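Here is how the chains run, residue by residue.
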Protein chains: 4
Amino acid sequence: MKSLGIGLIGTGYMGKCHALAWNAVAPTFGDIARPRLVHLGEVNESVARKKAEELGFARASGDWRAVIADPEVDVVSITTPNEFHAEMAIAALEAGKHIWCEKPMATSEADARAMLEAARRSGKVAALGYNYIQNPAIGHLKALLEEGAIGAINHVRLEMDEDFMADGAVPFGWKSDRRSGYGALDDFAVHPLSLLTTLLGPVARVVTDMAKPFAERPLAEGGSRAVETHDIANVLLRLASGVSGILLVNRSAWGRKGRIALQIFGSEGSILYDQERMNELQLYQARGPVAEQGFRTILTGTAHPPYDRFIPAPGHGLGFNDLKVIEARELIRRIGGEPAHLVEFETGIGIERTVHAMARAFETGGWVDVGS
Amino acid sequence: MKSLGIGLIGTGYMGKCHALAWNAVAPTFGDIARPRLVHLGEVNESVARKKAEELGFARASGDWRAVIADPEVDVVSITTPNEFHAEMAIAALEAGKHIWCEKPMATSEADARAMLEAARRSGKVAALGYNYIQNPAIGHLKALLEEGAIGAINHVRLEMDEDFMADGAVPFGWKSDRRSGYGALDDFAVHPLSLLTTLLGPVARVVTDMAKPFAERPLAEGGSRAVETHDIANVLLRLASGVSGILLVNRSAWGRKGRIALQIFGSEGSILYDQERMNELQLYQARGPVAEQGFRTILTGTAHPPYDRFIPAPGHGLGFNDLKVIEARELIRRIGGEPAHLVEFETGIGIERTVHAMARAFETGGWVDVGS
Amino acid sequence: MKSLGIGLIGTGYMGKCHALAWNAVAPTFGDIARPRLVHLGEVNESVARKKAEELGFARASGDWRAVIADPEVDVVSITTPNEFHAEMAIAALEAGKHIWCEKPMATSEADARAMLEAARRSGKVAALGYNYIQNPAIGHLKALLEEGAIGAINHVRLEMDEDFMADGAVPFGWKSDRRSGYGALDDFAVHPLSLLTTLLGPVARVVTDMAKPFAERPLAEGGSRAVETHDIANVLLRLASGVSGILLVNRSAWGRKGRIALQIFGSEGSILYDQERMNELQLYQARGPVAEQGFRTILTGTAHPPYDRFIPAPGHGLGFNDLKVIEARELIRRIGGEPAHLVEFETGIGIERTVHAMARAFETGGWVDVGS
Amino acid sequence: MKSLGIGLIGTGYMGKCHALAWNAVAPTFGDIARPRLVHLGEVNESVARKKAEELGFARASGDWRAVIADPEVDVVSITTPNEFHAEMAIAALEAGKHIWCEKPMATSEADARAMLEAARRSGKVAALGYNYIQNPAIGHLKALLEEGAIGAINHVRLEMDEDFMADGAVPFGWKSDRRSGYGALDDFAVHPLSLLTTLLGPVARVVTDMAKPFAERPLAEGGSRAVETHDIANVLLRLASGVSGILLVNRSAWGRKGRIALQIFGSEGSILYDQERMNELQLYQARGPVAEQGFRTILTGTAHPPYDRFIPAPGHGLGFNDLKVIEARELIRRIGGEPAHLVEFETGIGIERTVHAMARAFETGGWVDVGS
C-alpha cells in the first residue's frame, strides 16, 4: 500500500501521542510505507507551526477545516476535546477522509449516532482510540479465551481506579460540574468496556450505584460548592451471553494510578490482568497435578505478537505509548483492506450506549436493559 | 481467673481446631490459667473416646447432653453441623454454660433469634467463631482506621473466592440442593461480613445478582440434575454510615483457594488485605513527597499484638489455626470480664440478617433494606 | 507405638515452641499416641513450676539433671543457650534418652563431634531443630527436584536476611563481641544450609567475604566500642555435585524480617521460594507453548502433605510454629522406626563444618574445602 | 540549539532503536529542535535504501565512511557488531562528529583505550548506549540515595538473568565459542555495572566463580562440541567506597526474561528494583511507627522526571524503548553544553576494565584489584 498522508487536529497529550505513533509506526513494523505527516491543525496558528516542526508535520493551520480540506491528507487524527468530535469527524468523513478519533465518540448519543451514520455513508474507516485493547498481553488473553484455555467463561470482574480526585482539597472544577457528565462513569467506564466488549462481547443489563466521596469541594475564590458528579460507580452486569459480572470505577482511589484490573473466570481456569503491570498476564489452568497448579505470571515477549516488532527479547517491557503505535498499525492495515483489531464506530457506539444505560440504572435503582 | 473447664461437642475439623486452641492458649499467652479439657461429646461413643484421648480431654460421651450437664464444664465449644447449633446452644446456655459456637448461628432467622434470647436470659457469654477478625493484621488494620490513618472512609470492596465448586464435574450434592440455602452466599458471605461489620459497621441496603456457573451437575448414579443454588453472588451495598461498597463471593473461582480480598478507600489513603497472604497488609498514605508515595507492604510482626505471643521475631508468619488460639484467649478474657474483641450473638445476628436481605434483593431485583 | 514421655529443658521461646508442638502433635495428626508431658527443667525452680503448669507438664525441676534422670522421660527437648547443648545432650544420650536439640549443635566443632559420638554410642535418635525443612512447601519443592520437574540442577542462590542489627543505634552487645562467633554466619547460615543440604546435598568448597555495616556501636555507659563480628557474609560456593551457587546472609538488611530466599535453576525449569511467604512456591517449567510459560505461584494446600492434617482446605496458610509440630511428628516416627525427614547429628555436623569453612575462607581470601 | 544532523550506522535491532529515539525525541520533549535524520549507512546498499525510507533518513549509503564524511551529519549512532566499534568510532571522532556508540565499547581493552584517546583528542561527545540508567525509576533511586533517604549505603546485590541459553538443546554457536569472550560476563555484566557505577561509584576488588550449565552443546551437523564459555558468573565485590556486594549473571536462568534485580541496603533503609517491573521501585525507610514500616511500591509517574514528557498521568508505564528516547535527549543536552546523565567513554572504560578483572579473578581463584 502506498504511503498515507496524515492530518492531525489537536496537540494536547493525545495529539502528541498520535504524532509519536505516526512517527514510529514504520520503523517499528518495517513492512508498511512510512506515513507522510502532512498537515497539523491547532486553533492557535503560531502554536500550530511550532508543533508541526516538533512533531514532524510538513504544514500547519490555525483552522482545522484546512486539514480536512488538504488533498494530500488521507487520514485525520482527531484529538480535540470531546465536544468537537462530532462536527470534525462528520466533516472529515464527508471530505472522504478516514478518521482516527479519540474516545469517547461524542458527548451525546445523538451525536454519536450522527457520526456513525456519516461513517456508514462515507465508506471510510472510522476508528476510535481504544489503545488498551492493543496490548500484546490483551491480544494473548483474547487468544487464550478463543482457544478455550480456561473453558466456558462464567464470571468477569473489572475495576478501573485512579486517584486524581482522591484529595478532598482538589478544588471544584469542570469534573465536579454536572455539565461534564456523570463523573467516573464518563472518565473511565469506556476503557474497561472496550476490553470487555472485545474479549467477551456486549453488555445486556446493568444495575448501578454511584457515590460521592466528597459532598462539596473548595472553590478557588473561597467557600465551597456542592459536587454534582460521582467519583465512584459500581455496576452489576450481565453480558448478552448471560455471563454475570461487575464493573467498578473510582477516580478517588488513593494509591491507584492506572489500574484496570480484570478477572475472568471459566469452567477450566482463570485469567487475571492489571494495567499497572501491563506486561504481565496471570493464567490459572485446572490441568495437571493439583499440587502444581497455580497462577502463572506470563511476561509478555516475542511469543506475543507484535511485541517482537518493538524488542527482540522477551520480558523487556512495552510502554503505554507503544500501544498507540500498534493501533496506528492496525488502522493502516484496516485502510488497506486487511483484517485488523480496532474499535470502530459500529462497536464504539455500543460502548457508549452501555455507559448511558448504567447512568439510567442509577436513577431508577433497578436493572436497565442496554438495548441496541 | 481460675482455670476454665472445657466441653467440646463435635470432632470434625472445627472440633479439632477448637481443641488445638484450648491446648495452645495457655502456653502461647502465658498469663492465663491453663483450661482443663473436661468432656468431649461426639455421637459415636467409641469415636468420642478415641478423640478425647487424642485431643487431651479427660472424659468422653456419646450424648452431647452429658457434656452440657457436666458440672466441671464452664464453656462449651459447639462445632456440630449448623442445623444442631440452636438446640445445643440454647440447652448449654440454660444449663449456665458459656458457649463458643461456630458460625453461622443457625439455619433460620427464627432459630438465631431464639439463641440470642437464650443468651440474653442466661447472662452468659455467647460467642461465635469468626476467627478472621482475630488476625493481628486485621487488628492493626482496625487500629489504623480508628486513628484516622487513611482519613474518612468512602468506599469498600470485599471479595471472597475459593474454587471447590469450580469443576463442572463436581457431582450434584448437598451444596447444589436448595435445602442447603442460597449457595455461595451462605458458605462465604458471613466471613467478609464479619470483617466489614467489625471494621466499618453494619450494612444498611443491598442489591444482589446471583449466578450459576453450571446449570446442572452430574449425578453419581448417571444423568444429571439441575443446580438449585448459586455458586456466585455479587452485591452492591451501602453501609449504615452511607459508605458505598461491593461484596462478591464465588465458590467456583478457579485458582482462588482462600481469598478474602479487602480494599478500603479513605480521604487520605487506602488499605488492602488478602487472606491468602494473611501476614501482610498494604497501606497507602497520601503523605510526604508524591514521588515517594506507594502502597507499603507491612509484614505482621511483634509490633502487631498479639503476634509476639506466638513468635518473638517479626515476619515469620502466623497460620490460620493460630487465629483460633487468639479467639480462645479473647473468649477467656471476655468470660473474665475483661474487654475483648469477639463477635457475640448480638452482632452475629446482624451478619446473618444481612445475608438474608441479600438473598431477598436477588429475588426482587432492586434495593432491599437490611433492617434491624 | 506407645505414648512417649517428654522432658523439656529450657523455657525461652524455643522451649515454648517445643511445648506447643508436644501439645499439638496428637490432635493435629490424629494417628499417634498423645505424648505425655512429664518433666520440665528450668534453672529457677519457681519459674519451672509456673511454666510446667502453663505448658502442661506434670513435674518441674530447678535442675536439668532431674529431667534426664526421670525414668518416665523418653525424649528430651533441649532448648537452652547453645553453650549448654553439648553437656546436656551427651548426658541425656548416656541416660538412654532420645534427644531433640535446637540448632546449632554446639559452639565448637570439638563439642559437636563429641555429641555425635555420644549419639552413635547410645543408638538413640539425636535430632536437631531445623524446622524450615518441615514446611510442606519445601517438602513439595524436594519432591519436584526428585521427580526431575526442573531437570538437572545447575545453579542455586540462597539469601537469608533480617534487620535486627540494621540500626546503628543498636548498642554494642553480645552479638558484636567476637566471643559470640563470626556474626551473621553463626546466626543465620545454618538455616539456609539446612535447606541446601536437604535439597541438593553438601557443600564442597567456598570463598567468603564478610562486612561490618557499622565499625562501632554505642555503649550503654556512653562512648562506643569497635564491632568485632560481621553482620554481613557473602559466599560463593560449589556443592559436592559440582553445582555453583551463592549464600548471602545479612542481619542488618532493613525491611527484611524473616527472608530466606531460594532460587534453584535447572536444565528444564526453575523454582523460587521465600520464607516470608512460606505458603507459596514459584515453579517455572520450560514446557508447553512458550507464550504460556511463566512462574506459577503454587499456594500450599491439601495436595502438599501434611498440610491437610492442619487444615482441610487449601490456601488457608500454615504458620511458623506449625513447622515445629511437623518436626515433632517426624521425630516420633523416627523413634518408632519409621522413615522420617529430619536433620540428625550425622547431617547436622556437616552443616556446622560448612559454616566454619566459610569463616576460614574469609581469613584466607581464597577457596577453602569444607572437608568431611 | 540548532537542529542536529544524524547519521546512523547499522540497522539491526539497536539501529532501529536509535532511529526510533531520533524520531521520537523532539515530539516527546517538545523543547529541542527536531533532529534531521540525514544519512544511514548499512553494508548492503539496497537494504540501506529501504531502511532509510522506513526509518525516515534522507540519504543512504552502502559504505559507513560516507555517513561519517557527510558534512550535514553532526552525530553518528554506531550500532554495528562490537568488533567494528573501535574503527568506526575513531574515524567519526576524527571527522569531528559526536558519537553515540552501543556498548560494550570494544572487544579489547586496547581498542577501548584507543577510542577513549580519540575522544579526548577530538573534544567531541562520545557517549555509550547504557539505556537502563535512563529509567525515571533509576533516576529517582539515584536521587533518593543522594538525599540520604536510606542513610549510608553498606551493602549491594545485583543479579542479571535471562534464559536464552537455558535450553541444553540450543546448539553450539558463537556464544559458546571462546572467541566470543567469557560468556555471561560479556553479555550481561556491563548492564548492572552501569547501574552500580552510576549509583554507587566504581568497583575496586572482585573474586569470581564461573560455571557451565552444559558441558557440551549439540552441533547442527550432528554430534556435539564442548562449551568454551560460561553461562553463569558469580562475583563477590568491594566498591572503591568499601561497600561489600555481589554481582550474579546467568544467561541460562529459566523463567528470567529481562531481570536486573538490585538490592541496596543502607543504615536507614533499603531500596529494591527489578527491570522486569521497570515502572516500580521498592523503598523501605526505618522511620515512623515500626508497626507501619514496610517496603513501599512506588509506581513511576509524573513526579519522576522525565516520565511526564511521555505521559501526563502516573502509573501508566514507560517501555524499554522509551529509555533510548531519554538517552537521546541527554545526548542532545550534553552536546549543547548542558548537564546530562550519560555514560561517556571516560566512565565506560572503567566498566569494561571491571569485567576483565572479574574474568582474571576466576582464573586466579582469589581477589583481583580492578585498577584504574
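Because the structure is predicted, anything quoted here is derived from the model rather than measured.

## Brief notes about the relation of the copies chain B and chain A
Aligned on chain A, chain B shows an RMSD of 0.0 Å; the corresponding rotation is 180° and the shift along the axis is 0.0 Å. A rotation of that kind, with that shift, is consistent with a two-fold axis. Looking at the rotation axis and the C-alpha trace of chain B, the residue lying nearest is B:Gly366, at 2.5 Å. Most of the interface of chain B is mirrored in chain A, where 100% of its interface residues again form contacts.

## Considering the interface of chain C and chain A
When the parts of a complex come together, some accessible area is lost, and that lost area is often used as the size of the interface. In this assembly, 15 residues from chain C lie in contact with 15 residues from chain A. Summed over both sides, the interface between chain C and chain A buries roughly 1200 Å², with carbon and sulfur atoms accounting for 50% of that surface. For chain C, the biggest contributors to the area lost against chain A are C:Ala291, C:Glu292 and C:Arg296; these three give 49% of the whole. At the boundary of chain C and chain A, one finds 0 salt bridges.

## Quick look at the pattern of salt bridges
Charged atoms that come close allow side chains of opposite charge to pair. Enumeration according to the criterion identifies 136 salt bridges over all chains in this entry. The shortest N-O distance in the salt bridge between B:Lys324 and B:Glu102 comes to 2.6 Å. With a gap of 222 residues between them, B:Lys324 in helix H10 (residues 320–335) and B:Glu102 in the loop between strand E5 (98–101) and helix H5 (109–122) connect regions that are remote in the sequence. This pair shows no difference in class: B:Lys324 is buried, exactly as B:Glu102 is. Between D:Glu346 and D:Arg120 there is a salt bridge, with its nearest N and O atoms 2.9 Å apart. Placement of the pair is D:Glu346 in helix H11 (residues 345–364) and D:Arg120 in helix H5 (residues 109–122), with a sequence separation of 226 residues.

## So, the environment of D:Ala26
All names here are of chain D. In this structure, Ala-26 sits in helix H1 (residues 13–29). Owing to a relative accessible area of 0%, Ala-26 belongs among the buried residues under this scheme. Each C-alpha atom of the pair Ala-26 and Leu-239 lies 38 Å from the other, and the pair is 213 residues apart in sequence.

## So, the packing of aromatic side chains
Counted according to the given criterion, the structure contains 24 aromatic pairs over all chains. Note on D:Tyr132 and D:Phe320: the rings are 5.7 Å apart at their centroids and 65° apart in plane angle, and the pair reads as edge-to-face. On the criterion of sequence distance, the pair formed by D:Tyr132 in the loop between strand E6 (126–128) and helix H6 (136–146) and D:Phe320 in helix H10 (residues 320–335) is long-range, its members being 188 residues apart. Assessed through its relative accessible area of 6%, D:Phe320 is described here as buried. Grouping aromatic residues by their ring pairs yields a cluster made of A:Trp254, B:Tyr284 and B:Phe295. Cation over ring: A:Arg205 sits above A:Trp367, and NZ or CZ is 4.7 Å from the ring centre.

Conventions we followed
- Residues numbered from 1 in each chain as written.
- Chains lettered and ligands numbered in written order.
- Predicted model: local features only at pLDDT ≥ 70, side-chain atom pairs only at ≥ 80, totals over all residues.
- Heavy atoms only, no water.
- Least-squares fit on C-alpha atoms with pLDDT ≥ 70 in both.
- Contact = heavy atoms within 4.5 Å.
- Buried area = accessible area lost by both parts, 1.4 Å probe.
- Salt bridge = Lys/Arg side-chain N within 4 Å of Asp/Glu carboxyl O.
- Helix = DSSP H or I, 4+ residues; strand = E, 2+ residues; numbered from the N terminus.
- Buried < 20%, exposed > 50% of the residue type's maximum accessible area, 1.4 Å probe, protein only.
- Phe/Tyr/Trp six-rings, centres within 6.5 Å; stacked < 30°, edge-to-face > 60°.
- Lys NZ or Arg CZ within 6 Å of the ring centre and 35° of its normal.

These figures come from the coordinates and say nothing about function on their own.
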